[in-house]
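# Results of the structural survey
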Amino acid sequence: MNTNTTKKPSFFSGLTGQILIAMVLGAILGIIIHNSITVEAAQSFSAKIKILATVFIRLVQMIISPLVFTTLVVGIAKLGDIKAVGRIGGKAMGWFFTASFISLLLGMFFVNILEPGVGLNLSNVDLESVSEVTAKTQNISFENFIEHIVPKSIFEAMATNEILQIVIFSIFFGLAAASLGDYVKPVINALDKTSHIVLKMVNYVMKFAPIGVFGAIAGVFAVRDFQELAITYFKFFGSFLIGISSIWLVLILIGYIFLKSRMTVLLKRIVGPIIIAFGTTSSEAVFPKLTEELERFGVKDRIVSFMLPLGYSFNLDGSMMYMTFASIFIAQAYGIDLDLGTQMTMLLVLMLTSKGIAGVPRASLVVVAATCGMFDIPIEGIALILPIDHFCDMFRSATNVLGNALATSVVGQWEGDDKNEDTIAE
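Note that the structure is a prediction, hence the values are computed from the model and not measured.

Parameters at a glance
- Residues numbered from 1 in each chain as written.
- Predicted model: local features only at pLDDT ≥ 70, side-chain atom pairs only at ≥ 80, totals over all residues.
- Heavy atoms only, no water.
- Helix = DSSP H or I, 4+ residues; strand = E, 2+ residues; numbered from the N terminus.
- Expected span 1.5 Å × (residues − 1).
- Buried < 20%, exposed > 50% of the residue type's maximum accessible area, 1.4 Å probe, protein only.
- Contact = heavy atoms within 4.5 Å.
- UniProt positions renumbered as here; feature names shortened; annotations may be inferred.
- Phe/Tyr/Trp six-rings, centres within 6.5 Å; stacked < 30°, edge-to-face > 60°.
- Core = buried A, V, L, I, M, F, W, Y, C linked by side-chain atoms within 4.5 Å.
- Salt bridge = Lys/Arg side-chain N within 4 Å of Asp/Glu carboxyl O.

### What to know about helix 11 (residues 234-259)
The end-to-end C-alpha distance of helix 11, which contains 26 residues, comes to 36 Å, matching closely the 38 Å that a straight helix rising 1.5 Å per residue would cover. Those residues of helix 11 lying buried are Phe 236, Phe 237, Ser 239, Phe 240, Gly 243, Ile 244, Ser 246, Ile 247, Leu 251, Gly 255 and Leu 259. Considering only its buried residues, helix 11 is in contact with helix 3 (82-114), helix 12 (262-280), helix 15 (317-333) and helix 18 (382-414).

Put into structure tokens, the structure is as follows:
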């Protein structure tokens, strides 16, 4: 009798299970620290424990620039000509702007129906914390956005992880390489091999993910009284969760319409990246891992390498919903009535000003502050949502990952570039 059976690894032995355990342990430690030591000591502890999250995110960030450049150049070179790039790019941008518009509309709908800002008490609002956000709003304008798209130097863009600028340079580089044909095959092959080395680095870096998530969660709970936050912001956060849940329902429904039963496989593939983004509040932190999982799902590498970098600049579904929701919430809190025409204008302004700011810290808040300034809504209202913003950011980041994974998978299917379904399901 053969007793040599292969044990299936348990859920908690995998990366996803380890991250969930790290989140729970981080929250427990943070709550204990918050309730057992002074405020100053808790803040000091928070600053130190968050270093774990900072180190993990920096490890990921060191991979992003070489990964985007190598995979995108190789992908475009394999596409072969400018017509193919234009066709896929057109489908991508059509999807991105449609998804962004729907997300903005959902945010506007739920904030108007649920009215979380009406009757809010504006006393005891910490205005000092607003300066960090409002100082960055001067750079948010259509002119600056256009200038920001084109890199002055590819090395500067890579050093600062400006994904959109790296994408622009890589598109030009890839098209030039494709036009030269066999002559540049050694260069493309070298970049292809480099991208595989970088993806191997991803596996090593992801081993630190549970430690990074633990540090991020513990640091937040150490300085925030969760019970007080839950009571004070129950209406805002509850309304926000209803809105963000509606986006998930829409995205998953659309996924099943286009991908059929394969949507279930996709969700299983991306649950790890979604949880990492949720725990670290950084969709950028899972870019390399998401690239790997989408290729395993069956989307050809040339589609993934083209779609994901664009998506990280143009397809932030969770952030888009939050921007209209938060902007109108602040107006409600100050008793400012915005008619439908003004709200639709705000929506279109957000559609433009929010693009290409994925690398800006607290980007959603910066855009919200700039939008409030344009529509004569007190920018100081940002202070209302700052205490709860971290928890909102967890859900925004996770939603952004789902949206980009779905967009990449659907466009890959439209292009007929998916591998055999038997391979996908393995």
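Here the narrative resumes, following the displayed structure.
### Describing the UniProt feature "transmembrane region" (unreviewed entry) in the chain
According to UniProt, the feature "transmembrane region" (unreviewed entry) maps to residues 12-35, 55-80, 92-114, 163-184, 204-224, 236-259 and 365-386 in the numbering used here. With 86% helix and 0% strand, residues 204-224 has end C-alpha atoms that lie 32 Å from one another. End C-alpha to end C-alpha, residues 236-259 measures 34 Å, and it is 100% helix and 0% strand.

### Describing the packing of aromatic side chains
Evaluated as defined, the whole model comprises 16 aromatic pairs. When the centroid spacing of 6.0 Å and the interplanar angle of 35 degrees are considered together, the rings of Phe 169 and Phe 173 count as tilted. Taken together, the positions of Phe 169 and Phe 173, both in helix 7 (residues 163-180) and four residues apart, correspond to about one turn of that helix. The class of Phe 173 is partly exposed, set by a relative accessible area of 32%. For the ring pair Phe 221 and Phe 391, a centre distance of 5.8 Å and an interplane angle of 75 degrees mean the geometry is edge-to-face. In this pair, Phe 221 sits in helix 9 (residues 209-223) while Phe 391 sits in helix 18, placing the two residues 170 residues apart along the sequence. Residue Phe 391 is classed as buried on the basis of its relative accessible area of 6%. By way of ring pairs, the aromatic residues Phe 236, Phe 237, Phe 240, Phe 278, Tyr 322, Phe 325, Phe 329 and Phe 395 are connected into one cluster.

### With respect to the environment of Glu 292
Position of Glu 292 among the secondary structure elements: in helix 13 (residues 287-297). According to the relative accessible area criterion, Glu 292 is buried, its value standing at 9%. The spacing of Glu 292 and Val 202 is 90 residues in sequence and 8.5 Å in space, taken between C-alpha atoms. What Glu 292 contacts, discounting residues up to four positions off in sequence, is Leu 199, Val 202 and Asn 203.

### Topic: the environment of Ile 82
Tracing the backbone through its elements, the reader meets Ile 82 in helix 3. Note: C-alpha distance between Ile 82 and Ala 178 (96 residues apart in sequence) is 8.7 Å.

### Things to note about the nonpolar core
In terms of nonpolar packing, the biggest core is built from 120 residues, with Phe 56 and Ile 385 touching the most fellow members. No other element matches the 16 residues that helix 18 contributes to this core. If near-sequence neighbours (up to four positions away) are discounted, Ile 385 is found in contact with Phe 236, Tyr 322, Ala 326, Phe 329, Ile 330 and Leu 365. Phe 45, Ile 49, Ala 218 and Ala 222 belong to the second largest nonpolar core, which has six residues in total.

### Points about the pattern of salt bridges
For the structure on display, the rule yields ten salt bridges. A salt bridge links Lys 91 to Glu 415; its shortest N-O distance comes to 2.6 Å. Here Glu 415 lies in the loop between helix 18 and helix 19 (421-425) and Lys 91 lies in helix 3, a separation of 324 residues in the sequence. By relative accessible area, which is 27% here, Lys 91 ends up partly exposed. Residue Arg 296 pairs with Glu 293 through a salt bridge whose shortest N-O separation is 3.7 Å. Highlighted residues: Arg 296 and Glu 293, both in helix 13, separated by three residues, approximately one helical turn. Judged by relative accessible area, which is 7%, Glu 293 ranks as buried. Salt bridges linked by common partners bring Arg 269, Lys 289, Glu 292, Glu 293 and Arg 296 together as one network.

### A look at helix 9
Across its 15 residues, helix 9 extends 22 Å between first and last C-alpha, which sits within 8% of the 21 Å expected from 1.5 Å per residue. Among the residues making up helix 9, those that are buried are Ala 209, Pro 210, Gly 212, Val 213, Gly 215, Ala 216, Ile 217, Ala 218, Gly 219, Val 220, Phe 221 and Ala 222.

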